[in-house]
Amino acid sequence: MRPVAPALGLAALIALAGCGSSGSGSTAAPAPSTPSTAASQTQAIATITTAWTTFFHTGTKPAAAEQLLQNGDKMGVAIKVAAKVEKQSKITEDAKVSKVTFTSPTTATVTYDLLSHGHVLLPGATGQAVLEDGQWKVSTSTFCTLVGLAAAGKKIPGC
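Rules and cut-offs
Residues numbered from 1 in each chain as written. Predicted model: local features only at pLDDT ≥ 70, side-chain atom pairs only at ≥ 80, totals over all residues. Heavy atoms only, no water. Helix = DSSP H or I, 4+ residues; strand = E, 2+ residues; numbered from the N terminus. Expected span 1.5 Å × (residues − 1). Buried < 20%, exposed > 50% of the residue type's maximum accessible area, 1.4 Å probe, protein only. Arc of directions from axis to C-beta. Axes fitted to C-alpha atoms, helices over the stretch in contact; angles between N-to-C directions. Parallel < 35°, antiparallel > 145°, perpendicular 65-115°, else oblique. Left-handed = near helix turned anticlockwise from the far one by under 90°. Contact = heavy atoms within 4.5 Å. Phe/Tyr/Trp six-rings, centres within 6.5 Å; stacked < 30°, edge-to-face > 60°.

Asker: I'd like a description of helix H4 (residues 76-89), backed by residues and values.
Answerer: Each α-helix winds once per 3.6 residues, and so residues spaced three or four apart point in a common direction. With 14 residues, H4 should cover 20 Å at 1.5 Å per step; its first-to-last C-alpha distance of 20 Å lies within 8% of that length. Residues of H4 that are buried include every one of Ala 78, Ile 79, Ala 82, Ala 83, Val 85 and Glu 86, and no others. Looking straight down H4, one finds that the buried residues subtend no more than 165° of arc, so they occupy a single side. Facing away from the buried side of H4 by over 90 degrees, the exposed positions are Lys 80, Lys 84, Lys 87 and Gln 88. Where H4 terminates, the next one or two residues include Lys 90, which has phi positive at roughly 60°.

Listed below in structure tokens is the structure:
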């Protein structure tokens, strides 16, 4: 099973059909960055980037995805829905992070492109990373928005 990509697969299909939109226009208001030194901020950006690209990679196993998702232990059904859609769509996905902007000490806006087979399907998308239990993770709201698109607006348990 490929846990995360299915939600993105449908989002990508929507974007290709001309019905989707990217969130490239949003910019975060100036806020304190996390952490306070340039070196530790660089480390946090690298950690967020790794979490984001791993989480949205087609080959990431569900257990690993849960560890990279805010409240991941409660998101099993949503991850299964995402895997089902991905399997049906036959799209493989990856995310390429282009920008991380800290919006508070525990949140960051992540700008990324959604890719399939190296082709950009959803350019300039934005989502949130959150610091949970000392680890930067993909926010539940980001994942649930994408899963909601994949489920055609149906309520997904956990979201």
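Asker: Can you explain the packing of H4 against helix H5 (residues 140-150)? Please cite residues and give values.
Answerer: Where H4 meets H5, the closest approach of the two axes is 10 Å, and the angle between their N-to-C directions is 50°. When the interaxial angle is binned, H4 and H5 end up oblique. Where H4 crosses over H5, the handedness of that crossing is left-handed. Contacts between H4 and H5 pair Ala 78, Ile 79, Val 81, Ala 82 and Val 85 from the former with Phe 143, Val 147 and Ala 150 from the latter.

Asker: Residues and numbers for the packing of aromatic side chains, please.
Answerer: Under the counting rule described, the total for this entry stands at 6 aromatic pairs. For the pair Phe 56 and Tyr 112, a centre-to-centre distance of 5.9 Å together with 15° between the ring planes defines the contact as stacked. Taken together, the residues Phe 56 in the loop between helix H2 (38-55) and helix H3 (62-67) and Tyr 112 in strand E2 (residues 107-116) connect sequence positions 56 residues apart. Its relative accessible area of 1% is what places Tyr 112 among the buried residues. Three or more aromatic residues joined by ring pairs make a cluster, and in this case those are Trp 52, Phe 55, Phe 56, Tyr 112 and Phe 143.

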